[in-house]
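# Residue-level structure breakdown
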Amino acid sequence: MFMRGRLLSACVAALLAPPTFAADYTGPLFDTHLHYNVEAWNGQQGPHPLADVLARMQRNGVRAIVANSRTNDGTKLLAASPATRAAGVAVVPFIRLYRNRDDYQNWFRDPSIYAMVEDEFGRGTQGGPYRGIGEFHLYDSANADGPVARQLMQFAEKHGLAVLAHVDDVAVDKLMAHAPGARLVWAHTGIGGAPVARVQALLERHPRLVGELSYRPGLTCENGLLCPDWDALLRQHPTRFVVGSDTWVNQRWSAYDLLMQDYRRWLGALPAPLARRIAWDNAAELFGVATPSETLEKPP
């Protein structure tokens, strides 16, 4: 009876005790979905000048970024600035399709967008050549079959460029059909929250599809840790996922510390090699970015 009482007391204490977690991930982060748009800094004014955004990256251990901005001038500034290199941040520049807000809704029917991409690719940036196209949005998957979308996918395949696409699961199949050899980075791993089973099926069907995890509905559950189905999917496909901030509005820059802390929390609950792979290795291998020195890995 005494032992039973002790056991009951221990069980109650365990239920009432605060949850414990593995230590947060402390290695480098590769922000694979970052915008430096005109609202943040237009080259002369804005709430987030270059020194501000680089400081946010530095204190969060972000050692590389995929930059795609409206306009492309924001990406060029990040890529070319000596301050970026001094901050220890590698920049992988992408060509954004958007010159203005109207282009979000019309790019897929505007032949001048394809001409602009060709021109930008030919000129490159002072920090190096462009490595990808996007982010672009398709709010109707039928538009993935349009001539501009087809041209861009085939252009990417021809020149070895990655494509960052904000699309649904139906559009993934359509885009990959145009250029099976292209590398498609699926922004948010599906708008609207495609079921995990559907995500898994697409990963298995398209070997060059990569899921980017910002804004992903249903990714985390209690205490900010991965939901069980996502935990299982990441373990099953360890080389197919990357993380990103999606700083599409200034509020996301203001929340940058919290966004990176959220990633570090659930990454820390994974086996260390898997956490490192999702946080850094997958994107670094995709874009040929050197691993930062170990002495600089821990965020301040």
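Provided above is the structure to which this section pertains.
Residues numbered from 1 in each chain as written. Predicted model: local features only at pLDDT ≥ 70, side-chain atom pairs only at ≥ 80, totals over all residues. Heavy atoms only, no water.

### Quick word on the pattern of salt bridges
Side chains that carry opposite charge are capable of pairing whenever their charged atoms lie near each other. A complete count under the given rule lists 17 salt bridges for this structure. Among the ionic pairs, Lys174 bridges to Asp145, the shortest N-O distance being 2.8 Å. On the criterion of sequence distance, the pair formed by Lys174 in helix 8 (residues 169–178) and Asp145 in the loop between strand 4 (132–137) and helix 7 (147–159) is long-range, its members being 29 residues apart. Arg198 is the salt-bridge partner of Asp169, the closest N and O atoms lying 2.6 Å from each other. With Asp169 in helix 8 and Arg198 in helix 9 (residues 196–205), this pair connects stretches of sequence that are 29 residues apart. Each member of the salt-bridge network shares a partner with another, and the members are Lys76, Asp119, Glu120 and Arg123. (Salt bridge = Lys/Arg side-chain N within 4 Å of Asp/Glu carboxyl O. Helix = DSSP H or I, 4+ residues; strand = E, 2+ residues; numbered from the N terminus.)

### As for the state of the cysteines
Evaluated as defined, the whole model comprises one disulfide. The disulfide partner of Cys221 is Cys227, and the S-S distance across this bridge is 1.9 Å. Here the S-S torsion is close to 105 degrees, and the disulfide linking Cys221 with Cys227 is therefore right-handed. A relative accessible area of 6% places Cys227 in the buried class. (Disulfide = S-S within 2.5 Å. Buried < 20%, exposed > 50% of the residue type's maximum accessible area, 1.4 Å probe, protein only.)

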